[in-house]
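A closer look at the structure
Listed here are the chains, written in short residue letters.
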Amino acid sequence: MLEFIQHLKQRYQIVLGRMDKRSPRYLDYQQRADQLLFAEAFIRKGRLIAEHPDLPMQIAVIGPTQSGKSSTVNLLLNSHQAGVSPLAGYTVQAQGFCHAVSAEAMPGLQAYFGRFERVAVGELAPGRLDCYAIGTSPLRSPLLPPCVCWDTPDFDSIDAADYREGLVRAIALADAVILLVSKEKYADQSVWDIMSILESLRQPTLIVVNKLGEGQEAVIIDSLAEKWRAARRDPVPNVVPLHFRRLPDQPSWPRAAEQAVLELVKSVSRRKHSQYQQQLLTRFWPHWLEPVYAEHQSQRHWRTLVDQCLARALKDYQRDYLNHPHHYETFQQAVLNLLTLLEIPGLAGLLAKTRRAMTWPMRKLFGSKSAAVSASQEIAVLTQIGDHVMIQLADRLLEIAETEADDARWWKETSGALRQQRGDISSAYQRAVLNYHGDFQQDVEAAAQRLYRKLQEQPLILNSLRATRATTDAGAVLLTIQAGGIGLHDLVLMPLMLTATSLLAESTLGGYMARVEADLKQHQLHTVNAALFEHCLQRRLYALPGQIASNSRFDIDETECRQAEQALQDKKHGLRIL
C-alpha cells in the first residue's frame, strides 16, 4: 500500500507541475497531494511502531509563521534548545528534542524519515532542507512527560512548499499535537486546512493561543472554537492562553494549565493506529483516485470506439467481399486447385508444359507472384476498410475532444498520437493483409482437397470431370495458339471453371460443395477478424494512449489500482476479524 500511495502522490506532483495555477482544479489537486503526503508519512509511522513498539512518545508543536513555536518549545522543555529569531521562517527543518529519553532509543527513526539525513541540532544549515535534527534537553520539565518534543517549520509562508515534506514527516510522526497560533494568525485558512487533514490522523490535540492581550482571551477562544467546528467533526480540544510578553522575556505557562500536556498524552493510543490508517485511506480513496478512474474510463471509452469501428469493418468485409456476388474469389481459387487435382496422370505433364508456354506472355507482362497477389479483389477491399477505420477513429477523437470538457486534454493527446502513428499502423496493417492472404492459400488448398476426396467417393462424377478437364484444356490450348496466347483467363480458366462448377452443383455433390464454400467463408471471416482486426489493428490502437509521454496524465494502470484496492479490502476484513 505504501508503494501505491507514493506512486499516486508522485503522479499528482507531476501533474501539478504542468497545470495552470489558475485552473479551477489546481487547488483541489494540491490539497489531494498534501493529503497523500500525510497518508504516506502515517503509513510509515505504522511500520515504525510495529517494528519498534518501545519508541518514545512523540509530541509535535505546529503552527503558522511567527506564532512563537520555537519559544513555546523552549518553554515546554524548560531550556533554550530551540533556536529563536524575530525573522519569519527561521526554522526550516524539523528538530526533535529528547526530554528524559535517550536519543539512541529510536533505532527506526532514520528508516521513517527515509531520504532525510539525521544531523545534530548545531549542524543545521538554512540551505539543507533534506535533513532533520535530534538533540537532547539537559533539564527536566514539569510540563512534559518523557518524550521527544518536535519544533517544526511553519506551513503558511511563501517558501513552505520547499520544506513541506520534512514538516509533514514530523507532524505525522507525532502521537500528540500542540497547535500554536497567535491572535493574528488563528483565523488564517492555512491553519484550518492543515487541521482538517490532520483530523483523519486522530492525534490528540492541544491548542495554545500565544500573544494574547488583556481582555482578549474569551472572544478569541470562542471564535477559535467556531473555526474548529467548521473544519472538523471531533470535539474542540482544550485551549491554553499565553499572554503577550515583550522580548527578551519568555511567555509563562499558566499555572492552571500545568497538567495540560500530561493530560493530552493520556489519550494517546498507538494500538489503534492501524484502525486510524484504514479509516484515513477509506475516507479519501475515491477522492484521490477520481482523476485516475476518469482516465481509466476514457481508456475504456477509447477501446469501445475501436471495437465499434472494427465491428463495422468486419461487416463491411462480409458485405463487400464474402457475400458479394462478383467480388468473392476465394472459392473460385479452391475450384482452380481442384482442377489441377483432376488432371489425367498421362496428360498432366504435357498440358502443364503447354500452359506454361502459352501463358509466358502474360507472366512476362505482370511479373512475379506478387503481381497476382496485388491484383486480388480481397486485398483491395481489406486495404480500403483499413483506411476507413483510421478516418472514422480520427473523426470521433476530434468530436469527443470538442465535447468532453473534463477529459478534453486526454482526447486531444490521443488524437495527436493517432495522427502521428497513423502511417506506421497502416503500414503494419498492409503487411498483415499480404501475410494473411499468402498464408490463407493453404486453407484454399485444403478446401480443394476436401472436394477432391469427396469426388473420389463418386467415380462416375470424378471421371466425367476429368474428361471435361482434359477436353476443355485441349480445346483451350488450340484456341489460345490461334489467338496468339492472348486471353488466358477468358479462354482457359473461366469456361473450365463454369463447366466444373456446373457439373458439381448439378450432381449429388452439390450440397456438399455448398457446405465447403460456407465453411471456407466462415473460416475466412474468423481468420480476418483475428489476424487483421484483433491482432493487428485492435492491439495497436488499444495501446495508443499508453504510448503518450505526457506529464498531464496520471498513467496508473488499472491492474495496479485493483491490486491496491484489493489490499485495502483485505485490510478492512482483517480489522473486522480483530
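Note that the structure is a prediction, hence the values are computed from the model and not measured.

Conventions used here
- Residues numbered from 1 in each chain as written.
- Predicted model: local features only at pLDDT ≥ 70, side-chain atom pairs only at ≥ 80, totals over all residues.
- Heavy atoms only, no water.
- Core = buried A, V, L, I, M, F, W, Y, C linked by side-chain atoms within 4.5 Å.
- Buried < 20%, exposed > 50% of the residue type's maximum accessible area, 1.4 Å probe, protein only.
- Helix = DSSP H or I, 4+ residues; strand = E, 2+ residues; numbered from the N terminus.
- Pairing = 2+ DSSP bridges.
- Axes fitted to C-alpha atoms, helices over the stretch in contact; angles between N-to-C directions.
- Contact = heavy atoms within 4.5 Å.
- Polar contact = N/O pair within 3.5 Å; in protein donor to acceptor, adjacent residues only side chain to side chain.
- 1 Å grid on protein atoms, 1.4 Å probe; cavity = no way out; pocket = protein on both sides within 12 Å on 5 of 7 lines; lining within 4 Å.
- Points joined across faces, edges and corners; volume = space filled by probe spheres on them.
- Nonpolar A, V, L, I, M, F, W, Y, C, P; charged D, E, K, R; others polar.
- Right-handed = clockwise from strand over helix to strand, strands pointing away.

**A closer look at the nonpolar core**
One recurring pattern in soluble globular proteins is that nonpolar side chains are buried together. Counting residues in hydrophobic clusters, the biggest one holds 74 residues, and the most contacted among them are L8, L109, W150, M195 and W288. When residues of this core are assigned to their parent elements, the largest contribution, twelve residues, is made by helix 2 (residues 26-51). Residues V389, Y429, Y512 and I548 belong to the second largest nonpolar core, which totals 54 residues.

**Concerning the sheet that holds strand 8 (residues 239-243)**
Strand order in the open sheet formed by eight strands is 3-4-2-5-1-6-7-8, with mixed pairing between adjacent strands. The open sheet has two edge strands, strand 3 (117-119) and strand 8, and neither has a second partner. Within the sheet, the average angular offset between the axes of one strand and its neighbour, ignoring direction, is 25°. Judged from the four bridges that link them, strand 7 (residues 205-212) and strand 8 form a sheet pairing that is parallel. Looking at strand 8, one finds that I207 is bridged to V239. On the sheet, helix 6 (residues 189-198) packs against strand 1 (58-62), strand 6 (176-182) and strand 7 and is oriented at approximately 170° with respect to strand 6.

**Focus: the side chain of T205**
Structurally, the position occupied by T205 is in strand 7. A distance of 2.9 Å separates a polar atom in the side chain of T205 from the backbone oxygen of Q203. In contact with T205, other than residues within four places in its own chain, are V177, M195, W228, P237 and L264.

**Thoughts on the layout of surface pockets**
As a volume, the second largest pocket reaches approximately 930 Å³. Contributing to the lining of the second largest pocket are 31 residues, with Q30, Q31, D34, A161 and R164 lying nearest its centre. Within the residue set of the lining of the second largest pocket, elements represented by two or more residues are helix 1 (2-18), helix 2, helix 5 (164-173) and helix 6. No other element matches helix 2, which puts seven residues into the lining of the second largest pocket. Its residues assigned to classes, the lining of the second largest pocket shows 14 nonpolar, seven polar and ten charged.

**Concerning the environment of V208**
Along the chain, V208 falls in strand 7. Its relative accessible area of 0% is what places V208 among the buried residues. Distance in space between the C-alpha atoms of V208 and P241 is 5.8 Å, their sequence separation being 33 residues. Beyond its immediate sequence surroundings of up to four residues, V208 is in contact with I178, L179, L180, V181, V240, L242 and W253.

**Some points on the pairing of strand 6**
A large share of strand 6 lies buried, amounting to seven of its seven residues. The pairing of strand 1 with strand 6 spans four bridges and is classified as parallel. Pairing of V61 across the sheet is with I178, part of strand 6. With six bridges joining them, strand 6 and strand 7 adopt parallel strand pairing. Residue pairing in the sheet places V181 in a bridge with V209 of strand 7. This β-α-β element, strand 6 to helix 6 to strand 7, shows right-handed connectivity.

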